[in-house]
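Here's the letter readout for the chains.
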Amino acid sequence: MVINGRELVESLRAQVQEISVVQLHDILHGLNQRHSPAVLIDIREVAETNAGSIANALLIPRGLLEMQIGSEESIKQRFATLEILAEQPVYLLCRSGARSVLSAVSLQQMGFKHVYSVAGGFLAWQAAGFECSNRI
């Protein structure tokens, strides 16, 4: 049986914790005290993030995430080891919420304990009227 990309994402969605953009907004602004300080990773391609992103999001494109998450300089400054990072909440943001599901599964397979896919992605963030920063 062959499935397409959307079917793959839907089959994996049950394995991933998803949060809404409202929940992410509350976490980023300290309104949700249940979560530790956020590690937000925007996994969209550079051309996509040039039009805007969420302030303080780390930019690691989906194709590089697994290989670069441990060597990203701003992460290394905050967390001494990959093992410490793997214990922190990591929020993944893409354009619409599909690539973030795939990325969340990958990070879980790498041993990350608290990985969240942002449902609806950056499109939902913009639709909610939340602030975006320009990267250009």
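Definitions and cut-offs
- Residues numbered from 1 in each chain as written.
- Predicted model: local features only at pLDDT ≥ 70, side-chain atom pairs only at ≥ 80, totals over all residues.
- Heavy atoms only, no water.
- Salt bridge = Lys/Arg side-chain N within 4 Å of Asp/Glu carboxyl O.
- Helix = DSSP H or I, 4+ residues; strand = E, 2+ residues; numbered from the N terminus.
- Buried < 20%, exposed > 50% of the residue type's maximum accessible area, 1.4 Å probe, protein only.
- Core = buried A, V, L, I, M, F, W, Y, C linked by side-chain atoms within 4.5 Å.
- Contact = heavy atoms within 4.5 Å.
- Polar contact = N/O pair within 3.5 Å; in protein donor to acceptor, adjacent residues only side chain to side chain.
- Pairing = 2+ DSSP bridges.
- Right-handed = clockwise from strand over helix to strand, strands pointing away.

Asker: Which residues make up the pattern of salt bridges, and what values do they have?
Answerer: Under the defined criterion, the tally for this structure stands at seven salt bridges. Between E10 and R13 there is a salt bridge; the shortest N-O distance is 2.9 Å. Placement of both E10 and R13 in helix α1 (residues 5-13) is noted, with a separation of three residues, approximately one turn of the helix. The partly exposed category is assigned to R13, whose relative accessible area is 23%. Salt-bridge contacts for R99 lead to E48; the nearest nitrogen and oxygen are separated by 2.8 Å. Highlighted residues: R99 in helix α7 (residues 99-109) and E48 in helix α3 (residues 46-49), separated in sequence by 51 residues. Given the relative accessible area of 24%, R99 is considered partly exposed. Shared partners join several salt bridges into a network, and the residues in it are E10, R13 and E18.

Asker: Just give me the short version of unusual backbone geometry, but keep the residues and values in it.
Answerer: Within the chain, N56 stands out as a residue other than glycine whose phi angle is a positive 70°. Structurally, N56 can be placed in the loop between α3 and β3 (58-59). Take N56: its relative accessible area is 75%, and that puts it in the exposed class.

Asker: Go over the nonpolar core, please, and point to the residues and values.
Answerer: Counting 23 residues, the largest nonpolar core has I41 and L92 as the members making the most contacts within it. Listing elements by their share of this core, those giving two or more residues are α1, β2 (39-42), β4 (89-93) and α7. Among the elements that take part in this core, α7 stands out by supplying four residues, more than any other. In contact with I41, other than residues within four places in its own chain, are L58, I60, L65, I69, V90, Y91, L92 and L93. Formed by 14 residues, the second largest nonpolar core is a distinct cluster that contains I19, L24, I27 and I54.

Asker: Outline the environment of E83, listing residues and values.
Answerer: Looking at where E83 falls in the secondary structure, it is placed in helix α6 (residues 82-85). In this structure the C-alpha to C-alpha distance between E83 and G70, which are 13 residues apart in sequence, comes to 9.4 Å.

Asker: So, the environment of R62: which residues are in play, and what are the values?
Answerer: Note on placement: R62 falls in the loop between β3 and α4 (65-68). In this structure the C-alpha to C-alpha distance between R62 and L93, which are 31 residues apart in sequence, comes to 9.9 Å. Sequence-distant contacts of R62, defined by excluding residues within four places in its chain, comprise I43, E45, R99, L102, S103 and S106. At a separation of 3.2 Å, a polar atom in the side chain of R62 contacts the side chain of S103.

Asker: Which residues make up the sheet that holds β3, and what values go with them?
Answerer: Strand order in the open sheet formed by five strands is β1-β5-β4-β2-β3, and the pairing between neighbours is parallel. At either end of the open sheet lies a strand with only one pairing partner, and these are β1 (17-19) and β3. Where β4 and strand β5 (residues 114-118) come together, four bridges link them in parallel fashion. Bridge pairing in β5 links P89 to H114.

Asker: Let's hear about the pairing of β4: which residues, and what values?
Answerer: The element β4 is largely enclosed, with a buried count of five among its five residues. Of the two faces of β4, both are covered, the one formed by P89, Y91 and L93 as well as the one formed by V90 and L92. Strand direction decides the pairing type here: β2 and β4, joined by four bridges, are parallel. Pairing of I41 across the sheet is with L92, part of β4. Note that the unit made of β4, α7 and β5 has a crossover that is right-handed.

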